Structure formats: C-alpha cells, structure tokens
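Survey of secondary and tertiary structure
The residues making up each chain are set out below.
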Amino acid sequence: MNKPKVGIYGLTSCAGDQLIILNCEDELLKIATKLDIIDWVMAQSKNDETTPLDVALVEGVVAQQRDIDLLKKVRNRAKLVIAIGTCACFGGVAAMKNQIPREVMKAEVYGDNIDFIDSVKAQPIGSFIKVDYRLPGCPIEKDQLIQMISSLCMGDLPEILNIPVCMECKMRENACLVVEKGVVCCGSLTVAGCNARCPSHNVPCSGCHGPIEETHYDANVLMFKQAGLTRKDIEQKMSMFSTPAWMQEKLMEEIKDESK
C-alpha cells in the first residue's frame with residue numbers, strides 16, 4: 001500500500017490512544033511521511049470528511065447515538081477499520097457490568113433535564129460494524145502501533161498476538177503474584193503486549209489489554225479460590241477488563257448463591 005489515506009477518530013473515550021500516536025516523538029515525523037492523514041480532528045484543523053480512506057483508526061466505546069452515526073460513516077468510507085484501544089476492541093471500563101440502571105445514573109450526574117444526553121448501552125465498535133483488526137491496550141503500546149503502521153505501509157496487517165501476559169511475565173523471570181502474594185492477577189486471562197509492565201512492578205495485572213481468546217475462566221476462578229480469595233474479590237477484579245459480559249453475569253450469580 002503506497003502512502004495510505006488515513007482517518008483517525010475518537011468515540012466516547014479519554015482520547016488516550018490518540019495521545020499515544022501524538023507522543024511517538026522521534027517517530028512522529030516518519031509516520032507523517034508514510035501516512036496521508038486526511039481526517040483527524042484532534043490533531044489538525046483542516047480535515048477531509050468525504051474522500052474514501054484506505055485505513056480508519058477508531059478509539060473509544062460506543063456509548064452515544066452520535067458514536068453509532070460516526071462509526072457507520074467511517075465504515076462506509078474506509079477499506080480497513082482498525083479498533084485501537086481496549087474500549088474500541090472490547091468495551092473497556094465503560095462496558096463493565098453495572099447493577100445501576102443507566103437512566104438512574106444519568107439523572108444522578110446531569111439532573112432531571114437529561115433529554116439532551118443521547119446515551120446508549122456501552123459496547124465495542126465490533127457490535128455495530130465489521131472490524132478488520134484490533135490493537136488493544138489502555139492505552140495502546142507505542143511499539144505495537146509502530147509495528148502496525150509499518151505493516152500497513154507494506155500492504156499487510158501484523159499478526160494478531162494471542163498469548164497471555166503470563167508468558168511475558170515468565171520471560172521477565174517474575175515471581176507469580178497469585179502464588180507468592182495470594183492476589184487476583186489477571187495475567188492468565190489477558191492478551192499480551194505490555195511486556196508484563198504491572199506485574200514487573202509487583203502490581204497485579206488488571207487485564208487492561210482485554211481478554212485473550214479461549215480463556216478458561218472456570219479454571220482461573222478455581223486457581224484464585226485455592227489461593228484463598230473470595231468470590232467477590234475475584235469478580236470485582238475480573239469484571240473490570242478481562243471478562244466478557246456473559247461471564248460477568250455468571251460470576252455475579254455464583255457470588256449471590258454463595259452468600260445465601
């Protein structure tokens with residue numbers, strides 16, 4: 001692909017993934033020469049909103065009707081749509097299971113006049129459009145971003161990483177925090193790519209890179225229980241990033257059953 005035309009977009013999010021692109025420092029000028037970025041509201045004032053795109057990078061979770069509208073326009077324009085960041089890939093923190101109804105939360109935050117809030121159930125972008133590649137992270141990793149851009153410039157996509165953070169932890173010769181400290185560490189549930197940053201500083205993995213494919217959730221829950229952890233502790237940790245909605249509901253039901 002010869003200097004692909006690129007658009008970069010943010011849905012409901014903290015904009016952390018777009019900031020990572022801007023924070024590429026020495027590589028930023030090289031990126032600018034390799035990509036024809038024609039639509040990026042966060043970084044430039046003059047944008048082309050109609051020209052077809054070779055690649056669209058989208059960060060953030062769908063949490064408003066305007067997110068859906070923008071997403072569909074982007075999909076119609078772009079040959080490839082790449083979800084960047086855990087929110088876009090899996091829903092992230094915004095899509096966590098919450099027992100409080102959305103309308104109640106809206107009223108608590110915005111008061112009685114909430115008609116102007118076009119809120120919808122928070123979901124990853126793949127719930128609404130076809131996604132061609134996912135680059136997870138909270139935020140994304142600079143090295144993985146550079147690798148992805150290099151592959152795009154060669155007319156290809158990088159290989160999808162599907163190993164757990166535990167493997168990176170072992171390669172760094174870290175002691176297992178589950179075994180040594182009896183804490184819920186989600187490294188075995190989480191896709192690698194961060195070089196086990198948190199466990200390497202004795203901080204248990206919270207799963208911010210999102211769930212690895214074909215994770216054995218029941219086996220992991222059993223492992224945590226054998227380490228002396230309660231179901232509530234397990235559910236609270238696993239529900240932040242590492243567990244899909246169907247498993248979160250299952251864990252919550254089991255916690256209720258055990259508390260009877």
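Check the entry above for the structure.
Residues numbered from 1 in each chain as written. Predicted model: local features only at pLDDT ≥ 70, side-chain atom pairs only at ≥ 80, totals over all residues. Heavy atoms only, no water.

1. Points about helix H6 (residues 142–153)
Rules: Secondary structure elements are defined from DSSP: runs of H or I of at least 4 residues count as helices, runs of E of at least 2 residues count as strands, and each element is numbered from the N terminus. Expected helix span is taken as 1.5 Å per residue step, with the number of steps being one fewer than the number of residues.
For H6, which comprises twelve residues, the first-to-last C-alpha distance of 17 Å matches the rise-based estimate of 16 Å (1.5 Å per residue) to within 8%. Two residues or fewer past H6, Gly 155 is found with a positive phi of approximately 80 degrees.

2. Topic: the packing of helix H9 (residues 217–226) against helix H10 (residues 231–238)
To be explicit about the condition: Only C-alpha atoms enter the line fits that serve as axes; for helices the fit covers just the stretch in contact. Angles between N-to-C directions range over 0 to 180 degrees. Between 65 and 115 degrees an angle is taken as roughly perpendicular, under 35 as roughly parallel, over 145 as roughly antiparallel, and anywhere else as oblique. Less than a right angle of anticlockwise turn of the near helix away from the far helix marks a crossing as left-handed, whereas a clockwise turn marks it as right-handed. Two residues qualify as a contact provided that any one of their heavy atoms is within 4.5 Å of a heavy atom in the partner residue. Asp, Glu, Lys and Arg are counted as charged, while Ala, Val, Leu, Ile, Met, Phe, Trp, Tyr, Cys and Pro are counted as nonpolar; the rest, among them Gly, fall into the polar class.
Viewed as axis vectors pointing N to C, H9 and H10 meet at an angle of 130 degrees, and their least axial separation amounts to 10 Å. With respect to H10, the axis of H9 lies oblique. For the crossing formed where H9 meets H10, the hand is right-handed. Where H9 approaches H10, its residues Tyr 217, Val 221, Phe 224 and Lys 225 are matched on the opposing element by Arg 231, Ile 234 and Met 238. In terms of residue class, the contact of H9 with H10 is built from five nonpolar, no polar and two charged.

3. Considerations on the layout of surface pockets
So the rule is basically this: In this analysis a 1.4 Å probe is tested at points of a 1 Å grid over the protein atoms alone, and where it fits but cannot get out there is a cavity; an open set with protein on both sides within 12 Å along at least five of seven lines is a pocket; lining residues have an atom within 4 Å of a point. Grid points are joined across faces, edges and corners, and a volume is the space filled by probe spheres set on the points.
In this model, the second largest pocket occupies a volume close to 420 Å³. Residue lining of the second largest pocket: 21 residues in total, with Arg 134, Pro 136, Ile 160, Leu 161 and Val 191 positioned closest to the centre. The set of elements that each furnish at least two residues to the lining of the second largest pocket consists of strand E7 (133–135) and H6. Classifying every residue of the lining of the second largest pocket gives 13 nonpolar, four polar and four charged.

4. Quick look at the pairing of strand E3 (residues 53–59)
As a reminder of what qualifies: The classification of residues rests on relative accessible area computed with a 1.4 Å probe and restricted to protein chains. Under 20% of the type maximum is buried, over 50% is exposed, and intermediate values are partly exposed. We call two strands paired when DSSP finds no fewer than two bridges between them.
Burial analysis of E3 places seven of its seven residues in the buried class, which makes it a mostly covered element. Pairing between strand E1 (residues 5–10) and E3: five bridges, direction parallel. If you follow Val 6 over to E3, its bridge partner there is Val 55. Sheet topology note: the E3/strand E5 (residues 78–84) ladder contains six bridges and is parallel. The residue of E5 that forms the bridge with Leu 53 is Ala 78.

5. Considering empty space enclosed by the protein
Throughout the structure, instances matching the rule amount to one cavity of 30 Å³ or more. In this structure, the largest cavity occupies an estimated 40 Å³ of space. Along the walls of the largest cavity sit Ile 8, Ile 21, Ile 31, Leu 35, Ile 37, Leu 57, Leu 145 and Ile 149, which together make up its complete lining. Of the residues contributing to the lining of the largest cavity, the split by class is eight nonpolar, no polar and no charged.

6. Side note on unusual backbone geometry
A cis geometry characterises the amide bond from Cys 138 onward to Pro 139, with omega recorded as 0 degrees. Tracing the backbone shows Pro 139 in the loop between E7 and H6. For Glu 173, which is not a glycine, the phi torsion comes out positive at approximately 60 degrees.

Function cannot be read off these values alone, since they describe shape.
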